[in-house]
Amino acid sequence: MMGVFKGGIDMTRARAGMFVGVLVVLAGGAFADVAIKPASMTLGVSSGYLGKAAPDTYKILPPAPTPGTIRWEADRATFLATRRLKDTPRWAMAINDVNLGGVVKDMSCAVGVDLTPQNAPRFSAMIAKLGPDVAWATNNPKDNYKRPRPYLTDPGPTCVEQSAALSASPDYPSGHVTFGWTIGLILAELAPDRATEILARARAFGESRLVCGVHTMSAVESGRTNASILVAGLHGSEAFRKDLDVARAEVAKARLAGPAPDPAACALEAETAKASPYN
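Residues numbered from 1 in each chain as written. Predicted model: local features only at pLDDT ≥ 70, side-chain atom pairs only at ≥ 80, totals over all residues. Heavy atoms only, no water.

A. Highlighting the side chain of Arg147. For Arg147, the position within the fold is in the loop between helix H8 (131-145) and helix H9 (164-168). Using a relative accessible area of 5% as the deciding quantity, one classes Arg147 as buried. Residue contacts for Arg147: discarding those within four places in its chain leaves Ala64, Pro65, Trp72, Asp75, Pro170, Asp171, Tyr172, Thr216 and Ser218. (Helix = DSSP H or I, 4+ residues; strand = E, 2+ residues; numbered from the N terminus. Buried < 20%, exposed > 50% of the residue type's maximum accessible area, 1.4 Å probe, protein only. Contact = heavy atoms within 4.5 Å.)

Pasting the structure below:
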């Protein structure tokens, strides 16, 4: 279910080489990528699951598009075409989806219940622990490719402020999409009977970055690939697999206990998500 529209940040990147999925409410309601403390300091987590055993996504992802190539021009065309979505219901969903801290809540309709630290404590802790893993998977290729945000190539409206901090944060791959798709893949494992709904909402969550105008099409697509690489690596961690088993029982119990999200609100969300940014 879409949460309340509030100020927040994308998966922020620190120049020290770490960015983390924590929500920062900025003065004036502006959204930006800003340098903050690593996840281990902010969330009380000593490290992620993988550490040095993490796959090197920079060596696995396709290179970021460069000027004059087919992919670069396709990104430009998509950015310009999707500016037509400004002030539509899909634009409002994109603003909602800026709040990276609300991604689990945004999956409530798809899962069938709102998962919280109260009804799913191990799941919530597991998501927090993923911060450093997502940080490495995203920052390493970002820092190598330094691909500019789309509005820096072709001027156009965005659903968040085009701040200096946001503009300084590279486009490729999207950390927001990496985190959201990672959560979607994990939730699909925890509630396999709802996998279609979960992954459809996770895809829409990532595509909101394209609608918003702060990421290119290739950055969104590479974010999903990035997350798939990361989740494959996570399954090699015994600690992750143990947490996943506990979280699976928590989610099943929470779904039985309810309450289920409001059906009317869920139907509206599903209808809004149908507005594809590719058409």
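Structure shown, so let's carry the discussion forward.
B. Focus on the nonpolar core. Of all hydrophobic cores here, the largest spans 37 residues; its most connected members are Leu115, Phe123 and Leu187. Breaking this core down by element, the ones donating at least two residues are helix H5 (103-106), helix H6 (108-111), helix H7 (121-129), helix H10 (175-190), helix H11 (195-212), helix H12 (217-234) and helix H13 (238-257). Here this core takes seven residues from H10, the largest share from any one element. Ignoring anything within four residues of it in the chain, the contact list for Leu187 reads Met107, Val111, Leu115, Phe123 and Ile198. In this structure, Phe79, Leu85, Trp91 and Val214 belong to the second largest nonpolar core, which totals 12 residues. (Core = buried A, V, L, I, M, F, W, Y, C linked by side-chain atoms within 4.5 Å.)

C. Local environment of the packing of aromatic side chains. Inspection of the entire model under this criterion finds three aromatic pairs. When the ring of Tyr49 is compared with that of Phe240, the centres are 5.4 Å apart and the planes differ by 85 degrees; the resulting orientation is edge-to-face. Of this pair, Tyr49 sits in the loop between helix H1 (39-42) and helix H2 (57-60) while Phe240 sits in helix H13, and the two are 191 residues apart along the sequence. Look at Tyr145 and Tyr172: their rings are 5.7 Å apart centre to centre, the planes differ by 85 degrees, and that puts the pair in the edge-to-face class. Placement of the pair is Tyr145 in helix H8 and Tyr172 in the loop between H9 and H10, with a sequence separation of 27 residues. An aromatic cluster of at least three residues, connected via ring pairs, comprises Tyr58, Tyr145 and Tyr172. Across from the ring centre of Tyr49, 4.4 Å away, lies the NZ or CZ of Lys129, which sits over that ring. (Phe/Tyr/Trp six-rings, centres within 6.5 Å; stacked < 30°, edge-to-face > 60°. Lys NZ or Arg CZ within 6 Å of the ring centre and 35° of its normal.)

D. Looking closely at the confidence of the model for the protein chain. Here the protein chain shows a mean pLDDT of 85. Residues at 70 or above account for 84%. Overall, residues 3-45 carries pLDDT values under 50, and its contacts beyond four positions in sequence, including any with other chains, amount to 113 contacts. (pLDDT = per-residue confidence, 0-100.)

E. Main features of the layout of surface pockets. Of the voids in this model, the second largest pocket is the one considered here, and its volume is about 240 Å³. Lining the second largest pocket we find 14 residues, and of these Glu197, Ala200, Arg201, Ala270 and Ala273 sit closest to its centre. Where the lining of the second largest pocket is concerned, the elements lending two or more residues are H6, H11 and helix H14 (263-273). Here the residues of the lining of the second largest pocket sort into seven nonpolar, no polar and seven charged. (1 Å grid on protein atoms, 1.4 Å probe; cavity = no way out; pocket = protein on both sides within 12 Å on 5 of 7 lines; lining within 4 Å. Points joined across faces, edges and corners; volume = space filled by probe spheres on them. Nonpolar A, V, L, I, M, F, W, Y, C, P; charged D, E, K, R; others polar.)

F. Quick peek at unusual backbone geometry. Residue Pro173 follows Tyr172 across a cis peptide bond; omega there is -5 degrees. With an omega dihedral of 5 degrees, the bond running from Gly258 to Pro259 counts as a cis peptide bond. Considering the arrangement of structural elements, one finds Pro259 in the loop between H13 and H14. Positive phi is not limited to glycine here, since Lys146 has a value of about 50 degrees. Among the secondary structure elements, Lys146 is positioned in the loop between H8 and H9.

G. Expanded view of the state of the cysteines. Here the structure, examined in full by the defined rule, presents two disulfides. Cys109 shares a disulfide with Cys266; S-S distance 2.0 Å. Looking down the S-S bond of the Cys109 and Cys266 bridge, the torsion is -85 degrees, so its handedness is left-handed. Within this pair, whereas Cys109 is found in helix H6, its partner Cys266 is found in helix H14, the two being separated by 157 residues in sequence. (Disulfide = S-S within 2.5 Å.)

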